Amino acid sequence: MAIASSVSFNCHQGERESKRANREEATPAAFFNMDSREFRRRGKEMVDYIADYLDGIEGRPVYPDVEPGYLRPLIPATAPQEPETYEDIIKDIEKIIMPGVTHWHSPYFFAYFPTASSYPAMLADMLCGAIGCIGFSWAASPACTELETVMMDWLGKMLELPEAFLAGRAGEGGGVIQGSASEATLVALLAARTKVIRQLQAASPEFTQAAIMEKLVAYTSDQAHSSVERAGLIGGIKLKAVPSDGNFSMRASALQEALERDKAAGLIPFFVVATLGTTSCCSFDNLLEVGPICNQEGVWLHIDAAYAGSAFICPEFRYLLNGVEFADSFNFNPHKWLLVNFDCSAMWVKRRTDLTGAFNMDPVYLKHSHQDSGFITDYRHWQIPLGRRFRSLKMWFVFRMYGVKGLQAYIRKHVELSHEFESLVRQDPRFEICTEVILGLVCFRLKGSNELNETLLQRINSAKKIHLVPCRLRDKFVLRFAVCARTVESAHVQLAWEHISDLASSVLRAERE
């Protein structure tokens, strides 16, 4: 039987090859301009180009010297009718693209927060692109789903998350890779919204969804990322900012006051976002205070630790996550500081049915015979889009090739460099440190007016030797120095400080004159 099947298969294969040959004869050869042989050659060339780019990135201006609209005159107004050569495309990378690139992986990039980059992750991304599965369900590609479930458990254990957040073999929780922390916050908010609406309608069937929606209210610190406000906007929910304390932290008293005031006004509190490592100054909301209040009030607590979460794999920083046991969902971005290239945003929930119950759409063309097996099989019910890439490959490659100890060493190095920069600032009496330096961010400024600091920042970024971005803390304009690049060393920090110090002297001299 096996031999007969093989003969039948070979006959059909011969027919297919004959038909393909006929098609190729009838089709212009130009359409088949990259076969596997050329792909091998060009792929090796691209790896060399990427390696050369990253090896030489320190010599490129970190911030581009172009004006808005620079690119359009450099390329045709329409796509080519005939195929162009690979060589011409590669030439245009340096001619057209690189002049407009902000080099996030330059050791002189100190803006925003890190964006992760490592060679193992790049290799995994290549394989992800080659496999090209759209992993919306277990059946769509079992390995895509199952590796993600296991990798999220690996990462959860690295963070020492409570067991309730892990999938294990029979857990009620589990993890999912979202595209960004913004998506994770929105998904959590929508799941919480669905949950509270169903609870209220079960208790009082006369309540309409529209009537409940009008009364729902969510809360976050006044230091939270703008993506939290955006999630409220998309979800049609009133979002209120809770005033932070002197350390830019949300505390129990302020949250409780907001909850009581809104309940007295007939509103329904249902969702709180606590931030660990705010974008402005890397401050931490007090989970040990806020968490119990959320549990007592029956309010969903979501934790956004987009940047800082990576540091929690180090025992000395794990205390910053104390109180996570009170949360319903938790998220951070390995694509920021854990060497897993964008996009890879890790989100865990205690009860996965809270997500699947909110987003479950099950048309017949997406069903499969294993979807009720009890395993976490269909990630389409955990997210907003249907499709998803094989992103867990990046985690698998990075975690295995660096090991937990290697990743811890990487985090610690960046923290040490931030303290080195802090020390340099403190030695200069013209400057002040604005918040406690805990991880890899230093907030500092010249002592003086906001205008003075705005001028300094403008001079820094105009020189294009390093790149910084600012924040505003209460009424102060503040400069942020974030240790970002994988290749940054003490020498880069020292040169950056010398550059800042020299420009500060120029700015102060101009002000006196």
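The shown structure was predicted, so the numbers you read here are calculated from the model rather than taken from an experiment.

**Description of the pattern of salt bridges**
Counted under the stated rule, the structure contains 27 salt bridges. Put simply, Asp-328 and Arg-351 hold a salt bridge, and the shortest N to O gap is 2.6 Å. Of this pair, Asp-328 sits in the loop between strand E5 (300-304) and strand E6 (329-332) while Arg-351 sits in the loop between strand E7 (345-349) and helix H12 (353-359); the two residues are 23 residues apart in sequence, bridging distant segments of the chain. On the accessibility criterion, Asp-328 (11% relative accessible area) is buried.

**Some thoughts on the environment of Ala-218**
Here Ala-218 is to be found in strand E2 (residues 216-221). For the pair Ala-218 and Gln-494, spaced 276 residues apart in the sequence, the C-alpha separation amounts to 44 Å. Setting aside anything within four residues of it in sequence, one finds Ala-218 in contact with Ile-237, Lys-238, Leu-239, Lys-240, Phe-270 and Phe-271.

**A short note on the confidence of the model for the protein chain**
Detail in the predicted coordinates should be disregarded across regions flagged by low pLDDT. Averaged over every residue, the pLDDT of the protein chain is 88; residues scoring 70 or more account for 90%. For residues 16-30, every residue scores under 50 in pLDDT, and the model assigns this stretch 4 contacts once sequence neighbours within four places are set aside.

**Describing the sheet that holds strand E3 (residues 238-242)**
The strand order across the open sheet formed by 7 strands is E1-E7-E6-E5-E4-E2-E3, and the pairing between neighbours is mixed. What marks the edges here is a single partner per strand, and that holds for strand E1 (174-178) and E3. With strand direction ignored, the average angle separating the axes of adjacent strands in the sheet is 20°. With 4 bridges connecting them, E6 and E7 associate as antiparallel partners. Of the residues in E7, the one forming a bridge with Asn-331 is Met-347. Sitting on the sheet, helix H6 (residues 181-203) touches E1, E2, strand E4 (268-275), E5, E6 and E7, and the angle it makes with E4 is about 160°.

**Comments concerning the environment of Leu-288**
Tracing the backbone through its elements, the reader meets Leu-288 in helix H10 (residues 287-297). Separated by 124 residues in the primary sequence, Leu-288 and Arg-412 have C-alpha atoms spaced 25 Å apart. Excluding its chain neighbours within four sequence positions, the residues that come into contact with Leu-288 are Asn-322, Gly-323, Glu-325 and Phe-326.

**A closer look at the UniProt feature "modified residue: N6-(pyridoxal phosphate)lysine" (unreviewed entry) in the protein chain**
When the UniProt feature table is mapped onto this chain numbering, "modified residue: N6-(pyridoxal phosphate)lysine" (unreviewed entry) sits at Lys-336. Take Lys-336: it is sitting in helix H11 (residues 334-337). Among all residues touching Lys-336, those that are not within four sequence positions of it are Phe-113, Pro-114, Thr-115, Ala-116, Ala-306 and Tyr-307.

**Focus on helix H5 (residues 142-158)**
Taking 1.5 Å as the rise per residue, H5 with 17 residues should run 24 Å; its terminal C-alpha atoms sit 24 Å apart, in good agreement. Along H5, the residues that are buried comprise Cys-144, Thr-145, Leu-147, Glu-148, Thr-149, Met-151, Met-152, Asp-153, Leu-155, Gly-156 and Met-158. On its buried side, H5 packs onto E1, E6, H11, E7 and helix H13 (392-426). Trailing H5 by a residue or two, Glu-160 shows a phi angle of about 60°, which is positive.

**Things to note about the packing of aromatic side chains**
The geometry of an aromatic ring pair comes down to the distance between the two centres and the angle between the two planes. Tallied over the entire structure, the rule returns 16 aromatic pairs. Seen in terms of ring centroids, Phe-110 and Phe-481 are 4.1 Å apart; in terms of plane orientation they differ by 20°. Their pairing is stacked. With Phe-110 in the loop between helix H3 (86-97) and helix H4 (119-131) and Phe-481 in strand E11 (residues 476-482), this residue pair connects regions lying 371 residues apart in the sequence. Of the two residues, Phe-110 and Phe-481, both sit in the buried class. Here Phe-113 and Tyr-307 contribute two aromatic rings whose centre-to-centre distance is 3.8 Å and whose plane-to-plane angle is 5°, an arrangement assigned as stacked. Of this pair, Phe-113 sits in the loop between H3 and H4 while Tyr-307 is found in the loop between E5 and E6, placing the two residues 194 residues apart along the sequence.

**Some words on the sheet that holds E11**
As a general point, the strands of a sheet are linked pairwise by backbone hydrogen bonds and lie either parallel or antiparallel. Taken in spatial order, the 4 strands line up as E8-E9-E11-E10 in an open sheet, and their pairing is antiparallel. Strands at the two margins of the open sheet, each flanked by one partner only, are strand E8 (431-433) and strand E10 (469-473). Each adjacent strand pair in this sheet contributes to an overall mean axis angle of 40°, direction not counted. Sheet topology places E8 next to strand E9 (residues 441-446); 3 bridges connect them, and they run antiparallel. What sits directly across from Ile-433, in E9, is Phe-444. Those strands touched by H13 are E8, E9 and E11, and its axis lies near 15° from that of E9.

Calculation notes
- Residues numbered from 1 in each chain as written.
- Predicted model: local features only at pLDDT ≥ 70, side-chain atom pairs only at ≥ 80, totals over all residues.
- Heavy atoms only, no water.
- Salt bridge = Lys/Arg side-chain N within 4 Å of Asp/Glu carboxyl O.
- Helix = DSSP H or I, 4+ residues; strand = E, 2+ residues; numbered from the N terminus.
- Buried < 20%, exposed > 50% of the residue type's maximum accessible area, 1.4 Å probe, protein only.
- Contact = heavy atoms within 4.5 Å.
- pLDDT = per-residue confidence, 0-100.
- Pairing = 2+ DSSP bridges.
- Axes fitted to C-alpha atoms, helices over the stretch in contact; angles between N-to-C directions.
- UniProt positions renumbered as here; feature names shortened; annotations may be inferred.
- Expected span 1.5 Å × (residues − 1).
- Phe/Tyr/Trp six-rings, centres within 6.5 Å; stacked < 30°, edge-to-face > 60°.

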